[in-house]
Amino acid sequence: MYNQGAFEGAANAESGSRVFVYEVVGLRQNEETDKTNYQIRKSGSVFIRVPYNRMNQEMQRITRLGGKIVSIHPANGLQQLNGKVADQVNPSTQGNGHATPVTANSEAKGFAQKPAEEQQKNKDNKGKTMTQAKAKKAHADVPVNTYRPNAPFVGKCISNETLVKEGGIGIVQHLKFDISGGNLKYIEGQSIGIIPPGVDKNGKPEKLRLYSIASTRHGDDVDDKTVSLCVRQLEYKHPESGETIYGVCSTYLTQLQPGDDVKITGPVGKEMLLPDDPEANVIMMATGTGIAPMRAYLWRQFKDAERAANPEYQFKGFSWLIFGVPTTPNILYKEELEEMQQKYPENFRLTCAISREQQNPQGGRMYIQDRVAENADELWKLIKNEKTHTYICGLRGMEDGIDAALTVAAAKEGVTWSDYQKDLKRAGRWHVETY
């Protein structure tokens, strides 16, 4: 999801050198996006290259998909990142309320041809906080789009391990890929794209799907040679025929064998990055494979080999993971999490919501929002701390319950949660990636 969860949009035919980059927020799944073959996430910005002669059509398409264009930049105003040219501009913080959206009725030519420096200056003058400005500067060297869909990196599957224990629901695999033959560098909280083999129903090559990275920048072997994913095989019933449908890319990945090649793009994303402060507090709320970026955070914070590899980052803050799963066998990475909690009881707390085994106070199933409500006062106290960052990752829909619980806690002190949450987003302390 650019895990910020942004990805490069489907390629358009480019006309000459007059190509622009749209920064888009708010794309959602609907009848239009259901026709696509790639996942669209709620959080973060999407960057789409658009030829001049298709600007109006693309604006209309984005509007139909529920998106807003918050900036347009000439593609020739490229940044130099990690020794490679990338089209990406610094993404705006989601939900900051200050970027000016461009609609299909906007005058494309006049806006698009403004110098990038002038556009950035205009955005910065619309109430952005210093915290935001510092955050963007700090993330300027984060690698993005080292490998693109038209020239992916070909890695190899090293291992494919089952994560759901006996008696659990569904198929979830931990995959480790060898990336030693290329220049794919990433950091915790980013995503990579996977291009499955074959063609889609229209006979065109399959498009990439984005997956949150489940390993630290050093990889599971702490040798800077691997990247790992946590992938659930998508499975659902066709609403009309009742036929069981399996996801194309998730099925491909969960069935990979060691030695198999895999096409990788990216990395992408700046929305879910950890703060550099080793004394920060980190609240994590995840469902299912939303645990992937959280695992990367926790390894960086608590794994002995990781701590040895990062002498400049020795975590001394407090991390709290609230993890929603259907059954105990579905607690992904359970042994790892319990080991960390046992070794660092003052720094790490694990709270599970096991929906098919536990009941909430009303007698219904225990979901992640019920755990948040149960601990709302304590969470609210922690969230008020300026060193606290909150990360939400997993299935879309859990945010409403989380907001409801924190609304009650904040109201006890006369604070309107929705307004306070906007301040957190502006300060870069509220990070959401749902899909």
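Just above, that's the structure.
Residues numbered from 1 in each chain as written. Predicted model: local features only at pLDDT ≥ 70, side-chain atom pairs only at ≥ 80, totals over all residues. Heavy atoms only, no water.

Along the protein chain, the regular secondary structure elements total twelve helices and 18 strands. Every one of the 435 residues in the protein chain was classed for burial, and the buried ones make up 53%. For the protein chain, the exposed area adds up to about 19500 Å²; of that, 49% sits on carbon and sulfur atoms. (Helix = DSSP H or I, 4+ residues; strand = E, 2+ residues; numbered from the N terminus. Buried < 20%, exposed > 50% of the residue type's maximum accessible area, 1.4 Å probe, protein only. Areas by Shrake-Rupley, 256 points an atom, 1.4 Å probe, with all protein chains shown as cover.)

Quick look at the sheet that holds strand β9 (residues 209-212) now. What the six strands build is an open sheet, ordered β9-β8-β13-β6-β7-β10; its pairing is antiparallel. Looking at strand neighbours, the two that pair on one side only are β9 and β10 (226-232), the edges of this open sheet. Averaged over neighbouring strand pairs, the angle between their axes works out to 40° when direction is ignored. Pairing between strand β6 (residues 153-162) and strand β7 (residues 172-178): six bridges, direction antiparallel. Each residue of the ladder has a partner; that of glutamate 161, found in β7, is histidine 174. (Pairing = 2+ DSSP bridges. Axes fitted to C-alpha atoms, helices over the stretch in contact; angles between N-to-C directions.)

What follows is about the pattern of salt bridges. Charged atoms that come close allow side chains of opposite charge to pair. Scanning the entire structure with this criterion turns up 16 salt bridges. Through salt bridges with shared partners, one network takes in Glu188, Arg217 and Arg300. (Salt bridge = Lys/Arg side-chain N within 4 Å of Asp/Glu carboxyl O.)

This paragraph deals with the packing of helix α10 (residues 376-383) against helix α11 (residues 398-411). Between α10 and α11, the least distance of the axes is 9 Å, while the angle of their chain directions is 75°. The pairing of α10 with α11 is recorded here as roughly perpendicular in orientation. Mapping the contact onto sequence places Ala376, Asp377, Leu379, Trp380 and Ile383 in α10 and Ala405, Leu406, Ala409 and Ala410 in α11. Of the residues belonging to the contact of α10 with α11, the class tally is eight nonpolar, no polar and one charged. (Parallel < 35°, antiparallel > 145°, perpendicular 65-115°, else oblique. Contact = heavy atoms within 4.5 Å. Nonpolar A, V, L, I, M, F, W, Y, C, P; charged D, E, K, R; others polar.)

Our next topic: α11. For an α-helix, the turn length of 3.6 residues means that residues three or four places apart are oriented alike. With 14 residues, α11 extends 20 Å from end C-alpha to end C-alpha; this agrees with the ideal 20 Å at 1.5 Å per step. Residues of α11 that are buried: Met398, Glu399, Ile402, Ala405, Leu406, Ala409 and Ala410. When α11 is viewed along its axis, its buried side chains cluster within an angular range of 135° and face the same direction. Those residues of α11 that are exposed and aimed more than 90 degrees away from the buried face are Asp400 and Val408. Where the residues of α11 are buried, they touch β14 (281-287), α9 (368-374), α10, β17 (388-394), α12 (417-426) and β18 (430-434). (Expected span 1.5 Å × (residues − 1). Arc of directions from axis to C-beta.)

Okay, the pairing of β10 next. For β10, the buried fraction is high: six of the seven residues fall into the buried class. Pairing of β7 with β10, which is carried by seven bridges, proceeds in the antiparallel orientation. Bridged to histidine 174 within β10 is cysteine 230.

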